[in-house]
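# Structural overview for review
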Amino acid sequence: MSAPVRSGLPLAGWRALVVAELRMVVRDTAGLVVPLVLPLLILVMVGATAPELPPDVLGDRSVVEVVGLPIAIATVLALVGMVNVPSFVAAYRRSGVLRRLGVTPAGPVPVLVAQAVVGVGQVAAGVGVALAVAVPVYGARMPAAPWAALGGLVLATAAFFAVGALVAALAPTANAAVAGGVLLFFGTGLLGGMLGDPRKLPGPLAETGRTLPYGATSEVLGTAWRGVPPDTGAVVGLVVALLVGGVGAVRLFRWDR
């Protein structure tokens, strides 16, 4: 069932929706804590083991800067975009919240926008926590190409959220959304370097991992920290994920099942 998109919701209404969504996220302890804690564990693991990497990979940067922080940020994006957001959206649809809002002056669209705003806030918090640990503890510096890092972060966020929207469009229940999101998280993460150097994977798997959202995000942010141009395949991979996820979600999403 399609729902009309309405406009004219007052600012106070938008603020109330965002606050309500924020409260829902805060009450979901696992969904709130895991995107902040798991990236820190990965960052600490990389900092403690300091894997040997060739000079052409590191440049004049540390392993934490080129590998640890990009992987930690990719983990935040993947958990929030592909697991948290679709689980809430699928739960709202399954419980009839979106359908009931469809007959109100506000409509269901502002709820989805508010959920996206809260999700972006979670991403900002996760990135901030990772930097707050990496800078004083491991002496990490800011990216050598800050605008490239910001652009890569924005593109990666949009790509992960688009994939999450597609998961929400396909999943009939919140549990199915979580299961699908977690499967994508671990699948892309394992191929993208979450648990080790992806270059040690067999050739086809390594190349595939570099173009999937997790590996592509790590690649784009890692090059931004070094101040070198990003890999074209990684950028194209994020753009493709954004387009496929976004178009697929728009075409397949239903306000009610």
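Here we summarise the structure given alongside this text. None of the values given here were measured: they were computed from a predicted structure. (Residues numbered from 1 in each chain as written. Predicted model: local features only at pLDDT ≥ 70, side-chain atom pairs only at ≥ 80, totals over all residues. Heavy atoms only, no water.)

We now examine the overall build of the protein chain. When its secondary structure is counted, the protein chain shows 11 helices and zero strands. By the burial criterion, 42% of the 257 residues in the protein chain qualify as buried. For the protein chain, the share of sequence-separated contacts (at least 6 apart) that also reach a separation of at least 24 residues comes to 79%. Total accessible area on the protein chain stands at roughly 12000 Å², and carbon and sulfur atoms take up 72% of it. (Helix = DSSP H or I, 4+ residues; strand = E, 2+ residues; numbered from the N terminus. Buried < 20%, exposed > 50% of the residue type's maximum accessible area, 1.4 Å probe, protein only. Contact = heavy atoms within 4.5 Å. Areas by Shrake-Rupley, 256 points an atom, 1.4 Å probe, with all protein chains shown as cover.)

Before going further, it helps to spend a moment on the pattern of salt bridges. The tally for this structure, following the rule as stated, stands at four salt bridges. For Arg141, the salt bridge identified is with Glu65, shortest N-O distance 3.2 Å. Within this pair, whereas Arg141 is found in the loop between α6 (109-138) and α7 (146-170), its partner Glu65 is found in helix α4 (residues 63-95), the two being separated by 76 residues in sequence. Its relative accessible area of 40% is what places Arg141 among the partly exposed residues. For Glu65, a relative accessible area of 1% corresponds to the buried category. Residues Asp231 and Arg210 are paired through a salt bridge, measuring 3.4 Å at the closest nitrogen-oxygen approach. (Salt bridge = Lys/Arg side-chain N within 4 Å of Asp/Glu carboxyl O.)

Our focus in this paragraph is the nonpolar core. One finds Leu69, Phe185 and Tyr214 to be the most contacted residues of the largest nonpolar core, which totals 52 residues. Secondary structure elements with two or more residues in this core: α2 (29-49), α4, α6, α7, α10 (213-226) and α11 (232-252). Considering each element in turn, this core owes the most residues, 20 residues, to α4. In contact with Phe185, other than residues within four places in its own chain, are Leu38, Thr75, Ala78, Leu79, Met82, Val83, Met194 and Tyr214. (Core = buried A, V, L, I, M, F, W, Y, C linked by side-chain atoms within 4.5 Å.)

Its 21 residues place the ends of α2 30 Å apart at the C-alpha level, agreeing with the 30 Å of an ideal helix rising 1.5 Å per residue. Where α2 is concerned, the buried positions are Gly31, Pro35, Pro39, Ile42, Leu43 and Val46. Each element contacted by the buried residues of α2 is listed here: α4, α6 and α10. (Expected span 1.5 Å × (residues − 1).)

Moving on to a nonpolar patch on the surface. Among the surface-exposed residues, Met45, Val178, Val182, Phe186, Leu190 and Leu195 lie close enough to one another that they form a single nonpolar patch of about 510 Å² accessible area. Examining the composition of the nonpolar patch, we find that four residues originate from one element, helix α8 (residues 174-192), more than from any other. Along the polypeptide, Val182 turns up in helix α8. (Patch = residues over 30% accessible without salt bridge, like charges linked within 9 Å, V, L, I, M, F, W, Y side chains within 5 Å.)

Here we come to the packing of α4 against α8. Across the interface, α4 lies against α8 with an axial gap of 7 Å and an inter-helix angle of 165°. Considered as vectors, α4 and α8 are oriented roughly antiparallel to each other. Regarding α4 and α8, the two cross each other, and that crossing is right-handed. In this structure, α4 contributes Thr75, Ala78, Leu79, Met82, Val83, Pro86, Ser87, Ala90 and Ala91 to the contact, and α8 contributes Ala174, Ala177, Val178, Gly181, Val182, Leu184, Phe185 and Thr188. Taken together, the residues of the contact of α4 with α8 break down into 13 nonpolar, four polar and no charged. (Axes fitted to C-alpha atoms, helices over the stretch in contact; angles between N-to-C directions. Parallel < 35°, antiparallel > 145°, perpendicular 65-115°, else oblique. Left-handed = near helix turned anticlockwise from the far one by under 90°. Nonpolar A, V, L, I, M, F, W, Y, C, P; charged D, E, K, R; others polar.)

What follows is about the environment of Ser87. Mapped onto the fold, Ser87 is located in helix α4. Residue Ser87 is classed as buried on the basis of its relative accessible area of 13%. For Ser87 and Ala165, which are 78 residues apart along the polypeptide, the C-alpha to C-alpha distance reads 9.8 Å. Excluding residues that lie within four positions of it along the chain, Ser87 makes contacts with Ala174, Ala177 and Val178. A distance of 2.6 Å separates a polar side-chain atom of Ser87 from the backbone oxygen of Asn84. (Polar contact = N/O pair within 3.5 Å; in protein donor to acceptor, adjacent residues only side chain to side chain.)

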